[in-house]
Number of protein chains: 2
Amino acid sequence: MSHLPVSKTAAAVQPFHVMKILGEAKALEAAGQDIIHLEIGEPDFPSLPCVHEAVNQAMQAGLTHYTPTLGLPALRQKLAEFYGQFYHAQVPMERIMLTPGSSSGLQLLLTAILNPGDKVMLTDPSYPCNRQFVNLLHGQVISVPVDASSQYQLNSDLLQAHWQEGIKVVMVASPANPTGTVIEQTELVKMAQFLAKQNAYLLVDEIYQGLVYQRPAESILAHPNLPDNVLVINSFSKFFGMTGWRLGWLVAPLALMPILDRLGQNLFLAAPTLSQYGALRVLEPDALAQLEERRQAFEMRRNALLNAMQQAGWQVSVQPQGAFYVYWDVSNLTDNAEQLALDILHHAKVAVTPGKDFGEFKAKHHIRLAYTTSPERLTEAVKRITDYLATR
Amino acid sequence: MSHLPVSKTAAAVQPFHVMKILGEAKALEAAGQDIIHLEIGEPDFPSLPCVHEAVNQAMQAGLTHYTPTLGLPALRQKLAEFYGQFYHAQVPMERIMLTPGSSSGLQLLLTAILNPGDKVMLTDPSYPCNRQFVNLLHGQVISVPVDASSQYQLNSDLLQAHWQEGIKVVMVASPANPTGTVIEQTELVKMAQFLAKQNAYLLVDEIYQGLVYQRPAESILAHPNLPDNVLVINSFSKFFGMTGWRLGWLVAPLALMPILDRLGQNLFLAAPTLSQYGALRVLEPDALAQLEERRQAFEMRRNALLNAMQQAGWQVSVQPQGAFYVYWDVSNLTDNAEQLALDILHHAKVAVTPGKDFGEFKAKHHIRLAYTTSPERLTEAVKRITDYLATR
Ligand SMILES: Cc1ncc(COP(=O)(O)O)c(C=O)c1O
Ligand SMILES: Cc1ncc(COP(=O)(O)O)c(C=O)c1O
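An unreviewed UniProt entry lists chain A under the name Aminotransferase, from Thiosulfativibrio zosterae. UniProt's Cofactor (unreviewed entry) comment on chain A is quoted here verbatim: "pyridoxal 5'-phosphate". The UniProt entry for chain A carries the following text under Sequence similarities (unreviewed entry): "Belongs to the class-I pyridoxal-phosphate-dependent aminotransferase family."

### Side note on the overall build of chain A
Helix and strand counts for chain A come out as 13 helices and twelve strands. At 21 Å, chain A has a C-alpha radius of gyration in line with the 21 Å of a compact globule built from 392 residues. Each principal axis of the C-alpha distribution contributes one length, and for chain A these read about 60 × 55 × 55 Å. Looking at the 392 residues of chain A, the share that counts as buried comes to 65%. Of the contacts formed within chain A by residues at least 6 apart in sequence, a portion of 76% connects residues at least 24 apart. For chain A, the accessible area works out to roughly 13,600 Å², and carbon and sulfur atoms hold 52% of it.

### Details of helix α8 (residues 185–197) of chain A
With 13 residues, α8(A) ought to run about 18 Å at 1.5 Å a step, and its terminal C-alpha atoms sit 19 Å apart, in line with that. Every buried residue of α8(A) is listed here: Q185(A), E187(A), L188(A), V189(A), M191(A), A192(A), F194(A) and L195(A).

### Examining the UniProt feature "domain: Aminotransferase class I/classII large" (unreviewed entry) in chain A
Per the UniProt entry, the sites bearing "domain: Aminotransferase class I/classII large" (unreviewed entry) are residues 34–385 of chain A in this numbering. Here residues 34–385 of chain A is 39% helix and 15% strand, with 14 Å between the C-alpha atoms at its ends.

### Brief notes about the environment of G139(B)
All names here are of chain B. Note that G139 resides in the loop between α6 (128–136) and β4 (140–145). We classify G139 as buried; its relative accessible area is 15%. With 243 residues separating them along the chain, G139 and V382 place their C-alpha atoms 41 Å apart. When neighbours within four sequence positions are excluded, G139 is seen to be in contact with G117, D118 and V134.

### Considerations on the relation of the copies chain B and chain A
Overlaying chain B with chain A gives an RMSD of 0.0 Å, the required rotation being 180 degrees about an axis along which the chain moves by 0.0 Å. When the rotation and shift are considered jointly, the pair of chain copies conforms to a two-fold rotation axis. In terms of C-alpha distance to the rotation axis, chain B has N56(B) as its closest residue, with the C-alpha 3.3 Å off the axis. The overlap is high: 100% of the interface residues of chain B also sit at the interface in chain A, so the same surface is used on both sides.

### Thoughts on the site of ligand 2
Close to ligand 2 lie 14 residues; Y66(A), S103(B), D205(B), S235(B) and S237(B) are nearest. The local environment of ligand 2 is shared, drawing residues from chains A and B. For ligand 2, a nitrogen atom lies 2.6 Å from a polar atom in the side chain of D205(B). In the environment of ligand 2, an oxygen atom lies 2.8 Å from a nitrogen or oxygen atom belonging to the side chain of Y208(B).

### Notes on the pairing of strand β6 (residues 201–205) of chain A
Look at any regular strand and the pattern is simple: side chains alternate between the two faces of the sheet. Residues and elements named next belong to chain A. Extensive coverage of β6 is indicated by the burial of five of its five residues. Of the two faces of β6, the one holding Y201, L203 and D205 and the one holding L202 and V204 are both buried throughout. The pairing of strand β5 (residues 167–173) with β6 spans five bridges and is parallel. Bridging from a neighbouring strand, M171 pairs with L203 of β6. After leaving β5, the chain enters α8 and then returns to the sheet as β6, a path that is right-handed. Across four bridges, the pairing between β6 and strand β7 (residues 230–235) is parallel. When the sheet's bridge partners are listed, V204 is paired in β7 with V232.

Rules used in this analysis
- Residues numbered from 1 in each chain as written.
- Chains lettered and ligands numbered in written order.
- Predicted model: local features only at pLDDT ≥ 70, side-chain atom pairs only at ≥ 80, totals over all residues.
- Heavy atoms only, no water.
- UniProt positions renumbered as here; feature names shortened; annotations may be inferred.
- Helix = DSSP H or I, 4+ residues; strand = E, 2+ residues; numbered from the N terminus.
- Rg over C-alpha atoms; globule rule 2.2 N^0.38 Å.
- Buried < 20%, exposed > 50% of the residue type's maximum accessible area, 1.4 Å probe, protein only.
- Contact = heavy atoms within 4.5 Å.
- Areas by Shrake-Rupley, 256 points an atom, 1.4 Å probe, with all protein chains shown as cover.
- Expected span 1.5 Å × (residues − 1).
- Least-squares fit on C-alpha atoms with pLDDT ≥ 70 in both.
- Near = heavy atom within 4 Å.
- Polar contact = N/O pair within 3.5 Å; in protein donor to acceptor, adjacent residues only side chain to side chain.
- Pairing = 2+ DSSP bridges.
- Right-handed = clockwise from strand over helix to strand, strands pointing away.

Quick look at the structure:
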């Protein structure tokens, strides 16, 4: 096999380090151990029963063929209305495209924009796949190290301080993975305006939109005088609780839509049809009301976890405002967060994600905790870890 | 907008020309006209009721989360058994990966292999997306013109005649789109063996596997002494009648699997979960028996269409043996198949696909007819076109 060709870029793609933790956690579980999972980046809730009913009806009606590449017109229209109603944003359906997960949305947008050698600015830490999308397109990642001093986020000052020629896209996520922090809308708009002058795009990942606590859910698209360089991706995975359905969407300037359509025709043909019928249903008011209850459940979990961490005297350098993650600063405990994560798994029986999965900057001093389980299990997890740390 | 950056490669991606036909067909239908659709590359049948039941059960059981990137282990295992039982092929589940449509399988494999500048050999005509995958990876397409003299397919002689340094992958499809022709297994194996000596891969698109007429369904994987350079993609779209479910699979050498896994983690996370539960069901014997009935229905359609074409005196230069396409040689009628397709739509009210969508070689002399509708409609379509041609 070694004589057969392989892509250098593809071979350089790193695995998620949490996979090692996951593998060992599974082995421990197979051996009868009770493991608390704080490493899982998806809601534990299944999708809503009303979604299942709608999908059932669509199946019975034989609606199982390819949809248009841009998605079902009715769903694009519904998303346009959703923006109007819940975000006071005027987004015509012509600017909306359904994608097979926002993963494909990210890939599609970057593929539509980048030529080899083009630069993309993003933060360290951030969602790991973004770096790989850029690498696979032979672009260059311009990594801006961020920490608690900027809420682990980019802002207009940082952006300008790190600006360099050749950057075509700046990627942010709000709320972010792995930190759960939010960028204020005014700051986002300032960045968009600066980038517009530089003929560069601002790509805002709003996949955790809706999952915010003690503050309103927002979209950058609500801003009335937004320049035309703003790209948005979103997904039915997180707030809507539909990870396995592989359905997301993107919003792009009208002028990009024909290119995105043609790329989609070739790269994936269309997003999954029944997922689109399910999504039509999940955007109805009664379904959204149920999702609001789930959001409140996440809020209670968040508070339970943060309280327990505080009482245990752990360093929580910023209060996460969204998503379902806390980025735990373990610099007082170790210089090797990956080893600590393994120790915590084996001694405290709690699975967590080492910072290394999200970049390099202070990665060895951070661990991501996902509160995708019950408040009781979260409190129990903190107790287990505290007990273990006391023995070290 | 014009000042904002755009990828040159992405901007160069051509739309499917049939989209124009489709758009005009829809307009005619909206105006009350009865259009016969022979342009549609997917079965008209919906997916099977037993699949819908299985998906319903999976939804009720809350199985709506992400699966592992390689796919549900049970489904990988089931596909391994499927190869053993129906194709007498020994394919361990470790070599099988589920993908969101075989579209993603094609993208994934080429991404795993190609460095910029690497060459990929494929035929003209062939499935149009393959060329775009190569272009988007900054590879170079080596196009081998094929016509009726080689059944519109590559063979070992043609491959060697067109061989050049730098080719890393040769792509074939059997049965093929747009021609429905098959490559004999002995020929495929000869090609694989030649390519193995050149350290290059043979990628066999078996997406129309199972849809063959008057001959047995086959897989190259059945060959006992196959070199390790063979890649296969397949899909639940066509034979299994599950286009909108966006589920395919690939078979690759073990050594490539870790790279494919990591690429998949980043590019799409996982294939749609419920589609995977549906696929588990569709591989059961009773479901396969229903699909065999559908295959017979396609065979009747094929015969009806070919008979009608023959009686009308049309040029059918090769007998298609699989898929659901006839590549109609219209060189005696026009030098502009695209214009003829438009004329046929407007005068005969039949929608067809111009050869241009599949390449350049003799494209202006060919039209693809898809027999994805009833024998009656197929016969009627030939009559309508014949009547129109008589008036020209
Ligand atoms: C910040 C962020 N963006 C995008 C994604 C991709 O999710 P999906 O493809 O399910 O929409 C994820 C998944 O975890 C994420 O955390
Ligand atoms: C030859 C061939 N390969 C691959 C595909 C991709 O199909 P899917 O992504 O639905 O599996 C098609 C679709 O028409 C095709 O004709």
